[in-house]
Amino acid sequence: MDFTFTEEQQAAAEAARGVFAGVAPDGVPSPALTAGSVAEDFDRPLWARLADADLLSLLLDGEAGGAGLDAIALCLVLRESAKVLARVPLLENSAAAAAVRRHGGEELRAELPARAGRGDVVLTVAANGRTGHDPAERAVTARRDGTGWILDGVQTAVPWALDADFVVVPAHTDADRTVLALVPRDHEGAVLAEQISTTGERLGELRLESARIAGLHVIDTPGAWEWLRDLLTTGTCALALGLGEEVLRMTSAYTSKREQFGFPVATFQAVAVQAADRYIDLRAMEATLWQAAWRVSTGADGALPAAGDVAVAKIWASEGVRRVVQTAQHLHGGFGADTEYALHRYHAWAKHLELSLGPAAAHEEALGDLLAAHTLG
């Protein structure tokens, strides 16, 4: 097997490293020291630089002004963004724009994805359901009303909802189908309430009460939500990988300089073994991430549906990122809790990613159901 990234994918990652090179993880107040949100908006100057570097349109085809790349390229860029805790809706905007371009109606796909790719319009996705534990598409109902749709329900913890122009909301119909509705931020029947993430960033609780959405802004293509959901999940795994890699790098640098009994603590067997275990976690996270991203990108057949590979990636990412930051805090000692040092921020972001991905046991159960439903061999 050849696991080498293409020149285009590597170029996207290189461009991302250039854009993120000047980003400071401590660019906003610490979530540990701030009552409420750490900022009222995402990093707009960084957003503009990403747009200028054509990194917001990676998944769009050339006709829409994009590079025509795949989920692997996006994950490479997301991996770099997580290393500096980039405060931008890169994953949500990219995934939503790609879903609209891929599955939307002719009029919708003709303009909106290109505007999102230029950074002129910001898209996000409500993917957490009512509680964060139930399927997102079951939290909102959609029923036809003439040429439009009426939406009712609640979506919680919507990332960047108070800053985005549109929220893509999955909803189920009476026929037990899932549609995707693009709900404008300021829209009659849609109420946003502020929530605060463990990162200190603003999330939104979106409450829909007989919100009427024009048919133009509703995608009813079969499989559209499942494709978007898998892309979002895979991207979140990429964020977990990038964050974990940076945390392990910080830990290596610290333990190589910190001395006890006249020797760097990195030379102590107990420290080296713990760091090695976390390195193994990261390599497993990486391998399962690229497998999932490849399945999402290509739609290739496998022994299990792509959801199986996504579930495996989620198992490793949710468990792995937690273990990496916990070990990092332990090996840093009291210094890891110092709010003048960046590690506590990475810990907070890792907890948010872990909660977003959900517990590994739930993904193991889903994987078991897939294995039971498909004959292998």
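Read on for an overview of the structure. (Residues numbered from 1 in each chain as written. Predicted model: local features only at pLDDT ≥ 70, side-chain atom pairs only at ≥ 80, totals over all residues. Heavy atoms only, no water.)

### Looking at the packing of helix α6 (residues 224-257) against helix α9 (residues 343-357)
Where α6 contacts α9, the axes come no closer than 10 Å and their chain directions differ by 155 degrees. Comparing their axes, α9 and α6 come out roughly antiparallel. Pair α6 / α9 crosses with left-handed handedness. Touching T233, T236, C237, L239, A240, L243, E246, V247 and M250 of α6 are L343, Y346, W349, A350, L353 and L357, all from α9. Of the residues belonging to the contact of α6 with α9, the class tally is 12 nonpolar, 2 polar and 1 charged. (Axes fitted to C-alpha atoms, helices over the stretch in contact; angles between N-to-C directions. Helix = DSSP H or I, 4+ residues; strand = E, 2+ residues; numbered from the N terminus. Parallel < 35°, antiparallel > 145°, perpendicular 65-115°, else oblique. Left-handed = near helix turned anticlockwise from the far one by under 90°. Contact = heavy atoms within 4.5 Å. Nonpolar A, V, L, I, M, F, W, Y, C, P; charged D, E, K, R; others polar.)

### Regarding empty space enclosed by the protein
Within the structure shown, the criterion is met by 1 cavity of 30 Å³ or more. Taken as a whole, the largest cavity holds about 30 Å³ of empty space. If you go around the largest cavity, the residues you meet are L248, T251, A275, R278, V324, T327, A328 and L331. Every element with two or more residues in the lining of the largest cavity is listed here: α6, α7 (269-298) and α8 (306-332). For the lining of the largest cavity, the residue count by class is 5 nonpolar, 2 polar and 1 charged. (1 Å grid on protein atoms, 1.4 Å probe; cavity = no way out; pocket = protein on both sides within 12 Å on 5 of 7 lines; lining within 4 Å. Points joined across faces, edges and corners; volume = space filled by probe spheres on them.)

### Side note on the packing of aromatic side chains
Two measures describe an aromatic ring pair: the distance that separates the ring centres and the angle between the ring planes. A complete count under the given rule lists 5 aromatic pairs for this structure. Aromatic pair Y254 and F335: ring centres 5.5 Å apart, planes at 15 degrees, arrangement stacked. Taken together, the residues span a long stretch of sequence, with Y254 in helix α6 and F335 in the loop between α8 and α9 at a distance of 81 residues. For Y254, a relative accessible area of 17% gives the class buried. Each residue in the set F42, W47 and W160 is aromatic and connected to the rest through ring pairs, giving one cluster. One residue, R283, lies across the ring of Y279, its end atom 5.0 Å from the ring centre. (Phe/Tyr/Trp six-rings, centres within 6.5 Å; stacked < 30°, edge-to-face > 60°. Buried < 20%, exposed > 50% of the residue type's maximum accessible area, 1.4 Å probe, protein only. Lys NZ or Arg CZ within 6 Å of the ring centre and 35° of its normal.)

### Remarks on the nonpolar core
Counting residues in each nonpolar core, the largest one holds 92 residues, and the members touching the most others are F20, L50, L228 and L243. Here this core takes 16 residues from α6, the largest share from any one element. If sequence neighbours within four positions are ignored, L228 has contacts with A95, A96, A99, V125, V168 and L180. Counting residues in each nonpolar core, the second largest holds 20 residues, with A126, A142, W149 and A171 among its members. (Core = buried A, V, L, I, M, F, W, Y, C linked by side-chain atoms within 4.5 Å.)

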